[in-house]
Amino acid sequence: MTAANTELDDLRHLSKFMTGLHADQEKLREIQVKYDHLTLLGQMLSAGTDITGMREDFHALANVLLGQLATELHNKAILNLKSNARIAIDVLTRNLFERTADIGFLATDGAIRDYAQACAEDPAALQADDPKRLALKERFREYVLKYSVYHDIILLAPDGSVLLRLDDDAGAACSKDPLIAQSLSTGSAYVETFRPTDLLPKEGSPLVYSYRVMARDESRAIGVLCLCFRFQDECQRIFKSLLGDSDWTVITILDAQGEVIASSDVHQCPIGARLAQVLDDQCRVTRFAGREYLATTQHTQGYQGYMGPGWQGHGLAPLNHAFEMAVAHEIARVPAPILAGVLETATLFSAELRAIPVRAASIQRELNRAVWNGNVWLSTDSHALSTSFAKVLLREIGNTGVHTLEVFSRSTSNLYKTVVSSVLYNCSLQAALAIDIMDRNLYERANDCRWWALTGAFREALGQPDTLAAARSLRLSEILAGINHLYTVYHNILIFDRDARIVAASNPSYSHLVGTTLQAGWVMPALALDESQKYVVSSFEQSQLYDGAHTYVYAAAIPAPEGANTVGGIAIVFDSTPQFKAMLVDALPRNRDGSFVKGAFGIFADRKGKVIASTDDAIAPETSIGIGEEFFDLQPGEGHANIIEYEGKYFAVGSRMSCGYREYKGSRDAYRNDVVALVMVPLSERIAQRDSRAAGEHRQGHAYTGYRGSGEDAVDVATFYIGNGFYGVRLECELEAVNDQVVTRIPDTPEWMSGCIVYKNEVIPIIDLAAFLPGCAATPGAQQIIVVGMPQRQVRFGILVDRLGGMEEIPRALMDDMPANMGEGTALIESLVKPETGGEGPLLMILAVENLAERLARTGAHRGNGTQFLKLAAGAAAT
């Protein structure tokens with residue numbers, strides 16, 4: 001079995017669980033039954049009403065439509081599942097990247113090194129009441145208060161003895177864990193351990209980051225520092241941000257062997273369970289614990305070269321619930337005119353999708369043709385049997401054609417809506433990802449400034465009388481440069497004294513500012529801070545500390561060595577331009593091949609719609625993004641999605657308001673700064689013209705005019721439409737609507753001569769009345785042909801029409817004949833018919849086929865003569 005067949009069989013199986021498909025299946029099944037009955041009855045009547053071919057076309061198209069609907073519902077469910085699994089592992093990987101930097105930096109902390117050295121030299125330092133021990137434990141507590149992703153910090157001697165830990169009751173006094181030897185000898189910047197350990201025996205498999213602590217002279221390792229990460233807590237936060245309370249999807253984190261190490265629902269997928277990985281970037285049906293799931297496994301994209309511990313995000317959705325979110329709920333709030341315009345102009349739809357309504361219209365045209373020809377036959381054959389039965393049958397065939405088009409139109413609209421809703425859903429999802437990345441990133445910035453403010457060297461230097469001493473300033477700048485080298489998200493790091501004078505800067509480009517006084521609005525509030533947990537953040541504004549560009553500056557007070565007073569402050573200048581852009585780029589929607597969706601862009605903006613950052617360089621900071629305020633007037637964590645008109649196109653837009661991360665911007669954090677992430681994806685290359693849509697809808701509104709005969713002298717007329725004009729031909733002629741045929745152009749013929757076709761082994765000319773009749777603005781590519789035969793003149797020709805009408809029995813009293821001498825006796829309209837008083841419908845213009853035949857006779861382009869025409873036609877046909 002080929003891969004394509006396997007995929008098709010899977011889709012057939014999955015379609016059983018797609019509740020959004022059932023209504024369309026039922027409607028199409030009902031019409032199919034009608035086709036079956038009408039086909040049989042039509043064959044019995046033998047009045048040109050055999051619709052076997054149309055029945056087969058309908059069946060084939062219904063299968064295509066249902067297959068496309070199932071495919072799009074499947075695609076949307078896959079998008080949801082894969083996105084959740086990918087975001088879960090990517091967000092976790094980003095977080096762990098920060099942890100790898102933390103351990104390397106903290107292991108060089110002066111207070112930790114001094115205490116480890118003291119323990120190596122004097123065992124008395126291990127006593128519980130030793131001042132150095134108490135001071136370091138308080139420092140550990142301060143660190144965890146700020147970097148709350150950790151729950152414990154452990155300092156070990158090289159032999160595994162616990163020198164100090166934050167949680168004294170968490171583990172043994174001496175460890176035999178191999179991570180100690182690894183940390184002492186590794187050539188990497190950190191050791192990452194995820195497994196059971198005697199350091200944390202109460203936890204199943206804790207995640208620990210460790211590294212060696214070196215003596216001050218760097219001559220030897222004097223200890224090992226361990227940071228214990230809140231792994232399960234962090235995973236649950238990620239899962240909660242992705243899943244709603246009523247969501248049946250399960251998100252798990254798998255290790256390299258496929259074992260569940262974290263789960264959003266431990267009852268469905270318990271920790272320790274072994275799951276089948278889906279490693280080909282697809283979704284497949286898998287079985288676990290006696291239940292079928294749609295499942296996918298997603299590798300991390302990594303972050304700044306860090307690929308994590310080799311874990312994957314794995315998503316599972318029970319099959320009986322996997323497609324519930326695939327229904328197009330996202331477009332419920334889209335205004336009807338906007339949605340109609342999108343469905344008309346969107347570039348999202350494949351050629352196969354766009355062909356469905358075209359094929360449905362073709363089926364209706366064929367049905368209409370059968371009905372039209374059947375009515376001609378009934379009106380002209382005085383010996384027709386079962387006339388009443390035939391009329392009922394023809395009416396039912398006509399109604400079925402209308403119903404077919406309605407159902408296909410509705411189902412195709414549902415299909416298009418599903419495609420559009422997938423884009424809208426993805427915009428919402430990616431906007432949520434963008435703001436989550438921002439909140440998590442800036443959480444680290446708030447932590448960094450507060451922790452670095454407690455650095456002993458800074459406190460001691462600013463506690464001296466002459467804070468601007470050259471040697472002291474140079475030493476502090478070197479320390480800051482070392483920090484900045486490790487933490488590259490900062491453009492600059494500065495220290496200023498209690499008088500707001502800059503004492504040191506990490507970036508040499510700003511060394512000329514040393515000794516100058518900071519004037520920014522955030523400086524005095526920073527110096528006024530009275531707790532180590534507090535910090536201030538500037539507005540997003542232009543700063544001399546960022547080369548005049550817009551950025552955020554985070555600042556905290558530096559306490560005196562004894563901790564009673566403030567001796568200065570630290571300011572960290574976020575490198576906002578590349579960092580914010582990188583965050584937004586990471587959240588942009590991608591195609592299946594990993595490329596970015598063409599024309600999509602992301603924006604960070606404030607609550608007033610002023611831009612903070614954008615992936616589109618043409619949208620500069622501080623400019624206003626001209627979209628509705630409903631995208632910004634949101635509560636923390638709330639989102640909004642809709643389709644808008646923007647820059648001459650339709651765009652799907654998803655927005656999400658920031659809500660912070662952990663304690664950052666939380667209830668105990670005084671800092672508030674509402675930022676909205678926007679992800680915008682173009683849906684079209686243009687805006688639909690409403691006038692043309694309305695005209696098209698109006699034009700399709702009248703299919704039959706409803707003229708009535710009442711036993712009085714009446715004329716039978718076969719009607720049709722050309723452009724906006726309504727025309728008819730008396731049934732005194734032979735008439736037949738024929739299948740769509742290619743009209744062969746003929747050189748050197750009048751403008752109104754469209755060409756020729758072969759009809760019943762005879763080459764006949766085709767007339768395009770649009771050349772000289774009023775109201776004939778024909779619809780290119782959608783025309784049919786009515787063959788007109790005049791046996792008494794041995795003339796046969798075809799007329800191009802847009803749509804077929806009905807058979808009208810028109811009282812002669814309603815017919816206004818045109819003057820006989822009009823157009824010197826060659827006028828093409830012989831009479832006009834207005835609707836009855838109070839009736840509805842357009843003006844009917846009855847063609848003067850005699851005059852039309854006369855015009856043909858003059859060119860020789862008619863049956864029985866015209867040798868030149870026949871030669872030209874034969875030559876054109878051969879070409």
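Residues numbered from 1 in each chain as written. Predicted model: local features only at pLDDT ≥ 70, side-chain atom pairs only at ≥ 80, totals over all residues. Heavy atoms only, no water.

(A) Geometry of the overall build of the chain. The helix and strand inventory of the chain stands at 17 helices and 33 strands. A burial count over the chain gives 52% of its 879 residues as buried. When contacts within the chain are restricted to residue pairs at least 6 apart in sequence, long-range pairs at least 24 apart make up 64% of them. Of the roughly 38400 Å² that the chain leaves accessible, carbon and sulfur atoms contribute 51%. (Helix = DSSP H or I, 4+ residues; strand = E, 2+ residues; numbered from the N terminus. Buried < 20%, exposed > 50% of the residue type's maximum accessible area, 1.4 Å probe, protein only. Contact = heavy atoms within 4.5 Å. Areas by Shrake-Rupley, 256 points an atom, 1.4 Å probe, with all protein chains shown as cover.)

(B) Just the packing of aromatic side chains, in detail. According to the stated counting rule, one finds 30 aromatic pairs in the structure shown. With centroids separated by 6.0 Å and ring planes inclined at 65°, the aromatic side chains of Phe-496 and Trp-522 adopt a geometry described as edge-to-face. Of the two residues, Phe-496 sits in strand β11 (residues 490-497) while Trp-522 sits in the loop between β12 (502-505) and α13 (523-527), which places them 26 residues apart along the sequence. The structure contains a cluster of three or more aromatic residues connected by ring pairs, namely Phe-97, Tyr-190, Tyr-209, Tyr-303 and Tyr-306. (Phe/Tyr/Trp six-rings, centres within 6.5 Å; stacked < 30°, edge-to-face > 60°.)

(C) Representation of the pairing of β12 in the model. As paired strands, β11 and β12 are joined by 3 bridges and run antiparallel to one another. From the neighbouring strand, Phe-496 faces β12, where its bridge partner is Ile-502. (Pairing = 2+ DSSP bridges.)

(D) The arrangement of the sheet that holds strand β19 (residues 611-614) in detail. Read across the open sheet, the 5 strands follow the order β19-β18-β22-β21-β20; overall the sheet is antiparallel. One side of each edge strand has no neighbouring strand; the edge strands of this open sheet are β19 and β20 (639-646). Across the sheet, the mean angle from the axis of one strand to that of its neighbour is 25°, orientation sign disregarded. Relative to strand β21 (residues 649-657), β20 runs antiparallel, the two being bridged by 8 bridges. Looking at β21, one finds that His-640 is bridged to Ser-655. (Axes fitted to C-alpha atoms, helices over the stretch in contact; angles between N-to-C directions.)

(E) Here's a closer look at the nonpolar core. Counting residues in each nonpolar core, the largest one holds 101 residues, and the members touching the most others are Leu-155, Leu-225, Ile-253, Trp-452, Tyr-554, Phe-580 and Phe-604. With 13 residues, helix α10 (residues 387-452) is the single largest residue contributor to this core. Sequence-distant contacts of Phe-580, that is, excluding residues within four places in its chain, are made with Met-438, Leu-442, Phe-540, Tyr-552, Phe-574, Phe-604, Ile-612 and Ala-613. Formed by 68 residues, the second largest nonpolar core is a distinct cluster that contains Leu-14, Leu-28, Leu-81 and Leu-353. (Core = buried A, V, L, I, M, F, W, Y, C linked by side-chain atoms within 4.5 Å.)

(F) Structural detail: the side chain of Thr-551. Among the secondary structure elements, Thr-551 is positioned in strand β15 (residues 550-551). We classify Thr-551 as buried; its relative accessible area is 1%. A polar side-chain atom of Thr-551 sits 3.4 Å from a polar atom in the side chain of Ser-576. Leave out the neighbours within four places in its chain, and Thr-551 touches Ser-538, Ser-539, Phe-540, Glu-541, Ser-543, Tyr-546, Val-573, Phe-574 and Ser-576. (Polar contact = N/O pair within 3.5 Å; in protein donor to acceptor, adjacent residues only side chain to side chain.)

(G) Quick look at the environment of Pro-196. Looking at where Pro-196 falls in the secondary structure, it is placed in the loop between β3 (191-194) and β4 (207-214). Relative accessible area serves as the criterion here: at 54%, Pro-196 is assigned to the exposed category. Each C-alpha atom of the pair Pro-196 and Leu-207 lies 9.0 Å from the other, and the pair is 11 residues apart in sequence. Contacts of Pro-196, omitting those with residues within four sequence positions, involve Asp-177, Gly-204, Ser-205 and Pro-206.

(H) The arrangement of the pairing of strand β23 (residues 714-722) in detail. In terms of residue burial, β23 counts as a mostly covered element, since 7 of its 9 residues are buried. Here β23 pairs with strand β30 (residues 803-811) via 7 bridges, running antiparallel. Within β30, the position partnered with Val-717 by the bridge is Glu-808. Sheet topology places β23 next to strand β24 (residues 725-730); 6 bridges connect them, and they run antiparallel. Following the sheet pairing, Thr-719 is matched in β24 by Gly-728. Counted between consecutive antiparallel strands, the loop separating β23 from β24 contains 2 residues, among which Gly-723 sits at a positive phi close to 60°.

(I) Fine view of unusual backbone geometry. Although it is not a glycine, Gln-304 sits at a positive phi angle of roughly 50°. With respect to the helices, strands and loops of the structure, Gln-304 is situated in the loop between β9 (291-299) and β10 (312-318). A relative accessible area of 49% places Gln-304 in the partly exposed class. The backbone of Asp-547 shows a phi angle near 55°, a positive value even though the residue is not glycine. Looking at where Asp-547 falls in the secondary structure, it is placed in the loop between β14 (541-542) and β15.

(J) Summary view of helix α5 (residues 131-146). Taking 1.5 Å per residue as the helical rise, α5 with its 16 residues ought to reach 22 Å, and the 23 Å between its terminal C-alpha atoms agrees with that figure. For α5, the complete set of buried residues consists of Arg-133, Leu-136, Arg-139, Phe-140, Glu-142, Tyr-143, Val-144 and Lys-146. (Expected span 1.5 Å × (residues − 1).)

(K) Structural detail: the environment of Val-795. Assignment of secondary structure puts Val-795 in strand β29 (residues 795-801). The spatial distance from the C-alpha of Val-795 to the C-alpha of Glu-854 is 9.6 Å, given a sequence separation of 59 residues.

(L) How the structure looks around the packing of helix α3 (residues 52-106) against helix α9 (residues 351-380). In contact at an axis separation of 10 Å, α3 and α9 are set at 155° when each is read in the N-to-C sense. The pairing of α3 with α9 is recorded here as roughly antiparallel in orientation. Once α3 is placed against α9, the crossing between them reads as left-handed. Touching Met-54, Asp-57, Phe-58, Ala-60, Leu-61, Val-64, Leu-65, Gln-68 and Glu-72 of α3 are Glu-352, Leu-353, Ile-356, Arg-359, Ala-360, Ile-363, Glu-366, Leu-367 and Ala-370, all from α9. Grouping the amino acids of the contact of α3 with α9 by side-chain chemistry returns 12 nonpolar, 1 polar and 5 charged. (Parallel < 35°, antiparallel > 145°, perpendicular 65-115°, else oblique. Left-handed = near helix turned anticlockwise from the far one by under 90°. Nonpolar A, V, L, I, M, F, W, Y, C, P; charged D, E, K, R; others polar.)

(M) Examining the pattern of salt bridges more closely. This model, assessed by the stated rule, comprises 34 salt bridges. Of the charged contacts, one joins Glu-732 and Arg-730 as a salt bridge, the two residues approaching to 3.9 Å between their closest N and O atoms. A residue is classified by how much of its surface remains accessible, and Glu-732, at 64% relative accessible area, is exposed. Take Arg-730: its relative accessible area is 15%, and that puts it in the buried class. (Salt bridge = Lys/Arg side-chain N within 4 Å of Asp/Glu carboxyl O.)

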